Amino acid sequence: MTTALYDIPGPRTRQRHRLYGLLSTALILALLGGVVYLLFSTGQFTAAKWTPFTYKGIQELLLRGLGNTLKAFALAAVLSLALGGVLATGRLSEHRIARWVSTVLVEFFRAMPVLVMIFFIYVALQAEPLIALVAGLTLYNGSVLAEVFRSGVHSVDRGQREAAYALGMRKTQVMTHVLVPQAVRAMLPAIISQLVVALKDTSLGYLITYEEFLHAGKLIASNLDYDLPFIPVVMIISPIYIGMCMLLSWLAHWVSQRQRRNPKVEAVEVAAPEPGTLLPGGHRPPA
Amino acid sequence: MNVLLDNLSLYGKGLLGTVELTVFASLLALVLGFLMAAFRVAPVGSLRAFGTAWVTVLRNTPLTLLFFAVVLGLPRFGLVLPFNLFAILALGCYTSAFICEAVRSGINTVPVGQGEAARSLGMTFPQTLGGIVLPQAFRSVIPPIGSTLIALAKNSAIAGAFSVTELLGVYKPLSELGYSIIWTFVWIAVGYLIVTLTISALFNVLEKRYGVAR
Amino acid sequence: MPHSHSSPLRRALAGVVFAVFAVLALALAGCGREGSPPVKGPKGSELPQYPVAKNFSLPASPTWVKAKRRGHLVIGVKEDQPYLGERDPASGQYTGFDIEIAKMMSAALGFPPHTIEFKTIASANRETALQNGQIDLYVGTYTINDKRKKLVGFAGPYYLAGQSLLVRTDENDIKGPQDLAGKRVCSAAGSTPYQRIQADYPKAVLVSYDTYSVCVDNLLTYQVAAVTTDDAILLGYAAKVPDELKVVGKPFSEEPYGIGVPRGDNALRFALDDALAANEKNGNWRKAYEATLGASGVPAPEPPPIDRYPAT
């Protein structure tokens, strides 16, 4: 494998690499061993800490938390896609006022931390936790998705737009029949990646007492009766969170591969499966 | 308006806390990110695996969960640090995964021919790396790193819920004192805008000087 | 151009592995044990029953009218304060002295106690929750003070606690608040104990979390030297793990616990005051105390005089 950094290794380099490999494997195993030893020595695997998880009530508590997380995610995903569409339409509009208003809204909501918006809606507007969480997530992800949609429409080959206008289509028809279908197909990986960000951010609900997955975990972890099983709770919750996000990321990656082979997307460059973390004033992430 | 003028020191302390978190976590993230990127492009298999595991786990973990595990979990292993150090640790490690990906894709934009030409001229690995690959990679890596650090500045708001002095936490004492909630938040928002726009301006300057079309 | 080291196949495999794990977790839910894990600490005596008031009506209270239309009361409580307001994570049941007071009040207002919808609200969010109508009442170690009276109303007080300190059993340096100089002390964000230490003992290093259980957790892992809040709460924690924690010093403040109601709903407030007085007279208050807080080792005191302050 030739890269800019090194060539295909010869026999002496291969030996050296094998030596490095052995050394680094030994170091990593020592590190892992140290962590496992630490876990055992601080008594994280005692029966008292783990038996609560065998009770149905505890399992149902965790599942309910997971359900609430997914509920918040589904609501936020649908609403931010809708909001993104609306704001993108505004930004692509011919009318200066619509463009100006949408630009201000998009830039403002992208620059604000999500947590500040969620807290503002929860404290100042005194909304319920679920509504505050979904609203905050929608405002932020909707703005980012608006930028993704817009850059998608702009990245369609100019020829497509010119041909559509030459055939006598009006602006709305050009958008709905020619540009948007191609743009959405091309941007699908970036859209799904942004939804992964939304899923991760549902855990912010924990900070405004929304009873989601992390909250359910904390309830169990801070219980004196169960001997404060903090590490076991983390060991159970983390793989589930990581697994869910990995599934979505993998979906984005798979969609990206498929769309590259899709003949309907010839006139557009398919986006990378990366979330739309563009600088204000936007550079597109490379494919 | 009164909110700001009456509580300038409170807002100031919060802003300082946010800036401190951002600066130190950015440094940690850059160092760890470069290290992990080096692991991921190394010719040694186990280092590549470690780097990939690091990036995959941290990119797919919610930051709140990471804070939860670090601030409330590490003390059980005997590691007792002040809260803002824990926050810097959590933020830095989380962002390092994104920086690693940015740096790696930057290295990948350098054409293979550059490396081959350098080696055929007899340059050693450090010379190739320092004189040819890194300067070119650096140029194309500026916008993604800039947007990642802006995201870090915004994520620092989470630290407020874990007993760290920062800007968002300022709303609680102010709302108890009875000030108008809306104006309290307006000035908090302005504070965050100052931080993110500063980083954005800094990276715009860097890009104008060094940047190149990807 | 490769995006990552692992091929799509390997990523797919990883995704499938985690999906399988998730499904396993779901399947496991079917094979869990019934009931709750064993509880530490002494158990109280039998809980008293509260007869529901028949034909009770309070149209002057907008909160009561809203609850009547809904069919039940929504009461904010704490879920992590042993013997005062705690929730069994496995069954979701709330128990404790504050819960008993809530049940008493619900019965007096004409709602059967078993219909109450309890919501856990952290100390810092109590006023917000009452103001935005998320809850009708709040019964959760809610100290009455003038600053809070600007935001919410208070019925009661129904119990008089005092601020005290909780330390590890091997801690010999701290015998009272005067020994806190330079030591890390933990309390809940937005609580009166926190503000009192800030005002009266500024040399102490204050740390805050959103709940006391996290503070106690930090105390047990040597992150902080002491936890400060009302002695009723601290005695509950000490009763759970008497080998590891102890309460020290005499109470150094007066913390009257009240029932939080939305500000301006004076009809509700006076109705609750009447209900409290009635239950204190007929012995239910004492029985509830002995069934819950009494288990932490402190015999039942006299209930404090009720403060019917004029309508706001």
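Anything mentioned here points back to the structure above.
The rules behind each value
- Residues numbered from 1 in each chain as written.
- Chains lettered and ligands numbered in written order.
- Predicted model: local features only at pLDDT ≥ 70, side-chain atom pairs only at ≥ 80, totals over all residues.
- Heavy atoms only, no water.
- Helix = DSSP H or I, 4+ residues; strand = E, 2+ residues; numbered from the N terminus.
- Contact = heavy atoms within 4.5 Å.
- Areas by Shrake-Rupley, 256 points an atom, 1.4 Å probe, with all protein chains shown as cover.
- Lys, Arg positive; Asp, Glu negative; His and termini not counted.
- Charge placed at Lys NZ, Arg CZ, Asp CG, Glu CD.
- Buried area = accessible area lost by both parts, 1.4 Å probe.
- Salt bridge = Lys/Arg side-chain N within 4 Å of Asp/Glu carboxyl O.
- Polar contact = N/O pair within 3.5 Å; in protein donor to acceptor, adjacent residues only side chain to side chain.
- Axes fitted to C-alpha atoms, helices over the stretch in contact; angles between N-to-C directions.
- Parallel < 35°, antiparallel > 145°, perpendicular 65-115°, else oblique.
- Left-handed = near helix turned anticlockwise from the far one by under 90°.
- Nonpolar A, V, L, I, M, F, W, Y, C, P; charged D, E, K, R; others polar.
- Pairing = 2+ DSSP bridges.
- Core = buried A, V, L, I, M, F, W, Y, C linked by side-chain atoms within 4.5 Å.
- Buried < 20%, exposed > 50% of the residue type's maximum accessible area, 1.4 Å probe, protein only.
- Phe/Tyr/Trp six-rings, centres within 6.5 Å; stacked < 30°, edge-to-face > 60°.
- Lys NZ or Arg CZ within 6 Å of the ring centre and 35° of its normal.
- Disulfide = S-S within 2.5 Å.

## A short note on the overall build of chain B
On a plain count of helices and strands, chain B comes out with nine helices and zero strands. Mapped from its N terminus to its C terminus, chain B presents α and β elements in the order α-α-α-α-α-α-α-α-α. In terms of principal-axis extent, the alpha carbons of chain B reach across some 70 × 45 × 25 Å. Considering only intrachain contacts with a sequence separation of at least 6, the fraction spanning at least 24 residues in chain B is 78%. Surface exposure of chain B reaches about 8800 Å², of which carbon and sulfur atoms provide 71%. In chain B, which carries 13 positive and 7 negative side-chain charges, the distance between the mean positions of the two groups comes to 11 Å.

## Describing the interface of chain B and chain C
Accessible area lost when the parts come together is the quantity often used to give the size of an interface. Chain B puts 17 residues into the contact, and the matching count from chain C is 17 residues. Approximately 1400 Å² of surface area, both sides summed, lies buried where chain B meets chain C, with 50% of it carried by carbon and sulfur atoms. When residues of chain B are sorted by the area they lose upon contact with chain C, B:Arg76, B:Phe83 and B:Glu176 head the list and together hold 33% of the total. On the surface where chain B and chain C come into contact, there are zero salt bridges. Inspection of the chain B/chain C interface yields zero residue pairs in polar contact (both at pLDDT 80 or more). Of all the secondary structure elements, the ones that give two or more residues to the side of chain B that touches chain C are α3 (45-59), α4 (63-73), α5 (83-109) and α8 (171-176) of chain B.

## A few points about the packing of helix α10 (residues 230-260) of chain A against α4(B)
Think of two packed helices as two axes; the pair is described by the angle between the axes and how far apart they sit. Where α10(A) contacts α4(B), the axes come no closer than 11 Å and their chain directions differ by 165°. The angle between α10(A) and α4(B) falls in the class roughly antiparallel. Read as a crossing pair, α10(A) and α4(B) show a hand that is left-handed. Contacts between α10(A) and α4(B) involve A:Phe230, A:Ile231, A:Val234, A:Ile237, A:Ser238 and A:Tyr241 on the former and, on the latter, B:Leu65, B:Phe68, B:Ala69, B:Leu72 and B:Gly73. Per-class residue counts for the contact of α10(A) with α4(B) are nine nonpolar, two polar and no charged.

## A look at the sheet that holds strand β2 (residues 80-81) of chain C
Residues and elements named next belong to chain C. Pairing is antiparallel in the open sheet, where three strands are placed in the order β2-β3-β4. Because the sheet does not close on itself, it has two edges, and the strands there are β2 and β4 (94-95). Bridge count for β2 against strand β3 (residues 85-87) is two bridges, and the pairing is antiparallel. Note on β3: the bridge partner recorded for Gln 81 is Gly 85.

## Concerning the nonpolar core
In terms of nonpolar packing, the biggest core is built from 192 residues, with B:Phe67, C:Phe97, C:Tyr158, C:Tyr159 and C:Ile259 touching the most fellow members. Here this core takes 14 residues from α5(B), the largest share from any one element. Discounting residues that sit within four places of it in the chain, C:Phe97 has contacts with C:Tyr83, C:Leu84, C:Tyr158, C:Tyr159, C:Trp285, C:Ala288, C:Tyr289, C:Thr292 and C:Leu293. Grouped together as the second largest cluster of nonpolar side chains are 13 residues, A:Val153, A:Ala164, A:Met175 and A:Val270 included.

## Points about the interface of chain A and chain B
Of the residues lining the interface, 52 residues belong to chain A; the matching set on chain B comes to 55 residues. Summed over both sides, the interface of chain A with chain B buries roughly 4800 Å², with 74% coming from carbon and sulfur. There are one salt bridge connecting chain A and chain B. Across the pair A:Asp7 and B:Arg119 runs a salt bridge whose closest N-O atoms are separated by 3.0 Å. For the pair chain A and chain B, the number of links is 10 residue pairs in polar contact (both at pLDDT 80 or more). Sorting the residues of the side of chain A that touches chain B by element identifies α1 (11-41), α4 (96-111), α5 (114-124), α9 (213-221) and α10 of chain A as the ones contributing at least two each. Of all the elements, α10(A) adds the most residues to the side of chain A that touches chain B, at 10 residues.

## Comments concerning the pairing of strand β8 (residues 163-168) of chain C
Residues and elements named next belong to chain C. Burial within β8 is extensive, with six of its six residues counted as buried. Alignment of β8 against strand β11 (residues 226-230), held across four bridges, turns out to be antiparallel. Bridged to Leu 165 within β11 is Thr 228. Pairing geometry for β8 and strand β12 (residues 245-248), over four bridges, is antiparallel. Residue pairing across strands places Leu 165 opposite Val 248, the latter belonging to β12.

## Considering the packing of helix α3 (residues 56-91) of chain A against α9(A)
All names here are of chain A. The contact between α3 and α9 brings their axes to 7 Å, and the two run at 155°. In terms of axis orientation, α3 runs roughly antiparallel to α9. Contact with α3, carried on its side by Ile 58, Leu 61, Leu 62, Gly 65, Leu 66 and Thr 69, involves Phe 213, Ala 216, Gly 217, Leu 219 and Ile 220 of α9 and no other residues of that element. In terms of residue class, the contact of α3 with α9 is built from eight nonpolar, three polar and no charged.

## Remarks on the packing of aromatic side chains
Residue and element names in this part refer to chain C. Using the criterion set out here, one finds 31 aromatic pairs over all chains in the structure. Relative to Tyr 159, the ring of Phe 97 has its centre 5.9 Å away and its plane inclined at 70°; by these criteria the two rings are edge-to-face. With Phe 97 in helix α3 (residues 97-108) and Tyr 159 in strand β7 (residues 152-161), this pair connects stretches of sequence that are 62 residues apart. Here a set of aromatic residues connected by ring pairs shows up, and it is made of Phe 97, Tyr 158, Tyr 159, Tyr 257, Trp 285 and Tyr 289. The ring of Phe 270 carries Arg 269 above its face, with NZ or CZ at 4.8 Å from the centroid.

## Section: the sheet that holds strand β10 (residues 205-209) of chain C
Residue and element names in this part refer to chain C. Spatial strand order, β10-β9-β11-β8-β12: five strands in an open sheet with mixed pairing. Looking at strand neighbours, the two that pair on one side only are β10 and β12, the edges of this open sheet. Sheet twist, expressed as the mean angle between neighbouring strand axes with direction ignored, is 35°. By the bridge criterion, five bridges tie strand β9 (residues 184-188) to β10 in an arrangement that is parallel. Looking at β10, one finds that Val 185 is bridged to Leu 206. Contacting β8, β9, β10, β11 and β12, helix α7 (residues 212-220) runs over the sheet at an angle of about 150° to β11. With respect to the sheet, helix α8 (residues 231-240) is in contact with β8, β11 and β12, its orientation differing from that of β11 by roughly 130°.

## Structural notes on the side chain of C:Thr128
Within the secondary structure, C:Thr128 is located in helix α4 (residues 126-131). If sequence neighbours within four positions are ignored, C:Thr128 has contacts with A:Tyr122, A:Val123 and A:Gln126.

## A closer look at the state of the cysteines
Per the stated rule, a full pass over the model turns up one disulfide over all chains. Here C:Cys186 engages in a disulfide with C:Cys215; their sulfurs sit 2.0 Å apart. Across the disulfide from C:Cys186 to C:Cys215, rotation about the S-S bond amounts to roughly -70°, and the bridge is consequently left-handed. Taken as a pair, C:Cys186 in strand β9 and C:Cys215 in helix α7 lie far apart in primary sequence, 29 residues in all. You'll find C:Cys186 and C:Cys215 in the same group, each marked buried. You can see B:Cys93 has no disulfide; the closest cysteine sulfur is in B:Cys100, sitting 13 Å from it. With a relative accessible area of 17%, B:Cys93 lands in the buried category.

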